[in-house]
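Fold and geometry: a report
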Amino acid sequence: MDKKLRSQQWFGKKGKDGFIYRAWMKNQGIPADEFEGKPVIGICNTWSELTPCNAHFRELAESVRRGILEAGGFPVEFPVMSLGETLIKPTAMLYRNLVSMDVEESIRANPLDGVVLLCGCDKTTPALVMGACSVDIPTIVVSGGPMLTGKYQGKDIGTTDVWRFTNDLRAGLMSQDELNEAEAGLCRSRGHCAVMGTASSMACMVESLGLTLPGNAAIPAADSNRKVLAQLSGRRIVDMVKEDLKPSDILTKKAFENAIKVNAAIGGSTNFVIHLTAIAGRIGIPLELKEFDPISAPIPLLANLQPSGKFFMEDLYYAGGLPALLKELDTFLNKDCITVNGKTIRENYKNARCFNQDVITSLDKPFNTETALAVLQGNICENGAVIKPSAASPHLFKHTGKAVVFENIEDFKARIDDPDLPVDETSILVLKNVGPKGYPGMPEVGNMSLPVKLLEKGVKDMVRISDGRMSGTGFGTVVLHVSPEATHGGNFSVLETGDIITLDLEARSLNVDLSDAELNARKEKWIKPENLVERGYTGLYINNVEQAHLGADFNFLKGGSGSDVTRDSH
Ligand code: FES
Ligand code: MG
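Note that the structure is a prediction, hence the values are computed from the model and not measured.

With that settled, consider the overall build of the chain. Assigned secondary structure in the chain consists of 20 helices and 14 strands. Computed over its C-alpha atoms, the radius of gyration of the chain comes to 24 Å, within 12% of the 25 Å expected for a compact globule of 570 residues. Each of the three principal axes of the chain carries a C-alpha extent, and together these read 75 × 55 × 45 Å. Counting every position in the chain, which comprises 570 residues, the buried fraction comes to 56%.

Right, let's talk about the domain arrangement of the chain for a bit. Domain annotation for the chain reports domain 1 (38–148 + 189–252) and domain 2 (374–530). Taken over C-alpha atoms, the centre of domain 1 sits 35 Å from the centre of domain 2. Classifying every residue of the side of domain 1 that touches domain 2 gives five nonpolar, four polar and no charged.

Spanning 14 residues, helix H3 (residues 57–70) covers 20 Å between terminal C-alpha atoms, matching the ideal 20 Å at 1.5 Å per step. Lining the buried residues of H3 we find strand S1 (40–45), strand S2 (74–79), strand S3 (114–119), strand S4 (139–143) and helix H9 (224–243). Of the residues trailing H3, Gly72 is marked for its positive phi of about 90°.

Moving on, we come to the sheet that holds S4. In spatial order, the strands read S2-S1-S3-S4; together these four strands make up an open sheet with parallel pairing. Looking at which strands have only one partner, the edges of the open sheet turn out to be S2 and S4. Here the strands of the sheet are splayed against their neighbours by 20° on average, with no regard to which way each runs. Pairing analysis gives six bridges linking S1 to S2, with the strands arranged parallel. What sits directly across from Asn45, in S2, is Pro79. Lying over the sheet, helix H5 (residues 124–133) contacts S1, S3 and S4, oriented at roughly 165° with respect to S3.

Another point: the UniProt feature "domain: Dihydroxy-acid/6-phosphogluconate dehydratase N-terminal" (unreviewed entry) in the chain. The residues that UniProt annotates with the feature "domain: Dihydroxy-acid/6-phosphogluconate dehydratase N-terminal" (unreviewed entry) are residues 38–348. Within the segment residues 38–348, helix and strand shares are 48% and 9% respectively, and the terminal C-alpha atoms sit 29 Å apart.

Here the focus is the environment of Glu85. Turning to its location among the elements, Glu85 is positioned in the loop between S2 and helix H4 (96–109). C-beta crowding within 10 Å serves as the criterion here: with 25 such atoms nearby, Glu85 is assigned to the buried category. For the pair Glu85 and Ser471, spaced 386 residues apart in sequence, the C-alpha to C-alpha distance is 9.4 Å. Here Glu85 is in contact with Ala92, Cys121 and Asp122, once residues within four sequence places are set aside.

Let us look at the pairing of strand S13 (residues 500–504). Residues of S13 alternate between two faces, with Ile501 and Leu503 buried on one and Ile500, Thr502 and Asp504 left unburied on the opposite face. Relative to S13, strand S9 (residues 398–406) is paired through five bridges, and the arrangement is antiparallel. Residue Lys398 lies in a different strand from S13, and its bridge partner there is Asp504. As paired strands, S13 and strand S14 (residues 509–512) are joined by four bridges and run antiparallel to one another.

Each value, and the rule that gives it
- Residues numbered from 1 in each chain as written.
- Chains lettered and ligands numbered in written order.
- Predicted model: local features only at pLDDT ≥ 70, side-chain atom pairs only at ≥ 80, totals over all residues.
- Helix = DSSP H or I, 4+ residues; strand = E, 2+ residues; numbered from the N terminus.
- Rg over C-alpha atoms; globule rule 2.2 N^0.38 Å.
- Buried ≥ 20, exposed ≤ 12 C-beta atoms within 10 Å, placed from the backbone.
- Domains from an automatic or database assignment.
- Nonpolar A, V, L, I, M, F, W, Y, C, P; charged D, E, K, R; others polar.
- Expected span 1.5 Å × (residues − 1).
- Contact = placed C-beta atoms within 7 Å.
- Pairing = 2+ DSSP bridges.
- Axes fitted to C-alpha atoms, helices over the stretch in contact; angles between N-to-C directions.
- UniProt positions renumbered as here; feature names shortened; annotations may be inferred.

In C-alpha cells form, the structure reads like this:
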C-alpha cells in the first residue's frame, strides 16, 4: 500500500483526538490492533422493513462482512435512509437526492477507506451511487437481486401484470377475488421486482458501468449465489482500497456509453436516463439527453423480458445472466473499460455462455428491432422527452390526435372515467404538473390508465404525454419526462384540450399544430402556479431540483467535494 489509509486520519492519531476516535468504538468489542492500519470498509445499508425489496439486507450485509474480514479489512455497517417504491408518498423519487446527500456525507464524515453499497429497490441504486461518486473513495455495489417469478393460477406473473390486472378489473374482466389471489402470488420471495423494471435496469446499469462484480444483475435474491457474490464483493473491496481503485477510475465516458447500450439491449427502464444523467453529473462526465438516442438507436432489443417481452429476471439468470448478454453485444461495447475487479469488462464476459436463446436472443435474430429508448424533440418539449418504443404499440408510432388535457393528477382522477369526456382511441391524453417541481418529485403516473369506457371497448393503448415518469415495469405508447415541465411556463404548460398533436417516432418528433405566435400569446396569459410547499426538505427540493433532461439532481449537488476533512471534532 503506497498511500496512507484515510481511516488513519482518525484511528492513527495520538493524544485526545485518537483517544476519542477509538475509545467509543471499543464499546463494540473491537481489539486494539483493528485500529492499526486495517482498511476500514463501510457497508452502506438500505435495509428497511418499509422497503420490502431490501428487507433481506441485514443478511446480505453479513455475507459482505464475512468477505471483508477474510481479506483483512475492518467492516463497519451503517444505515442510510431507505426508499421503497411501493409505500412512499408522494413518490420515492422525491427523496432520491436526499438519500444521495445522506450517503455522501456519511461516507465523507467517517473514517472509511472503502465502501460497499447495498442497493435494491429502484431509487436506492442511483441515490447511493450518486452520493459515493461525490466522495470518490473505492466503492463496490452489491444489488439485492430480483424476486423469484410470481405465480398466479399456474401462470408466471410479475410487476408488469399490476397494470394489466388493474385495468382488467376496471374493464370488468377480472374480479376483486381474483385480484386478491394474484396479489398473494406476485411477491413470492425476497428481492426486488422480477421484471426488467427500474430496479433490474439499475442493477444492469451498475454492472455495465463496471461498479459490480460480473453477474451481479440477475442472480435472484433467494439464490444462495447472491450471498456468495456479496461475500466476494466484501473480499474485493479490501483489495480495491489497496489498489486505490476509485469510481472516477471506472466511470469514464466510455463506461457510460456501455451502460446506455446495455440499457437498450435489455429493454431497460426510461428512468435509467434520469439516473444515469445524475450519476454522470456527480462524477463530472458530460452527458446530455440528446446523446442517448444515437447511442441506443443501433442496438436491437436482445433480452426478451417483461415489460418489453415475455420472461423474468430469474430466466435471465438461468440463461447466463448479464455477462451472456454483454458477450452477444461485444461488437458494440467499449471493451477496455476497467471494472471493480481490476479486469476489463470484456475480460469479465469473454467466457460467458448463453443457455437459452429465447431469453437472450442473438444480434442476427434479435427479439425486437425496436430500441428501448428514443429521445423526442419538438415544440411540446423544447428540452426533449423520452419514449420506450420497445414497450409501445407500433400502430401508434406515427399518430396525430386531439389532445385531452388534464391540468394535474386530481383533475385526471376526477374526469378520466366521466362518460361524457370527449375522448376516443385516437385522442392523446396529456397530463400536466407531474414533473419534478410540479408534483413534486416526478411520480410514476405517466402511464395513466385509459378511460374505462375505452377499456370496455377493448382499447389497449393510447398515446399519452406527461412531464412525469413511468414505472420501469410499465408499457404503452407513453411519452415521458417532457422538459421543461408544466410549472416552467414552456409550451407544454399551455396545451389545451382540442389541440392537434403529432407523435412521429421515426422522425423523433412531438409537436402541437400551433404557430409560435399562438403559443407565445398563450404563454403571455399563463400564470405560474405557486410552489406547493416552501418549508423543509420538500421546499428545498422544489427550489433546487433541475429539470428531467438534466437528471433531476439538485443544482448544488453537481460534482463532488472529495474525501478530505481536515478538521477534528473536539
Ligand atoms: Fe422495489 Fe419494484 S417495488 S423494485
Ligand atoms: Mg418504480
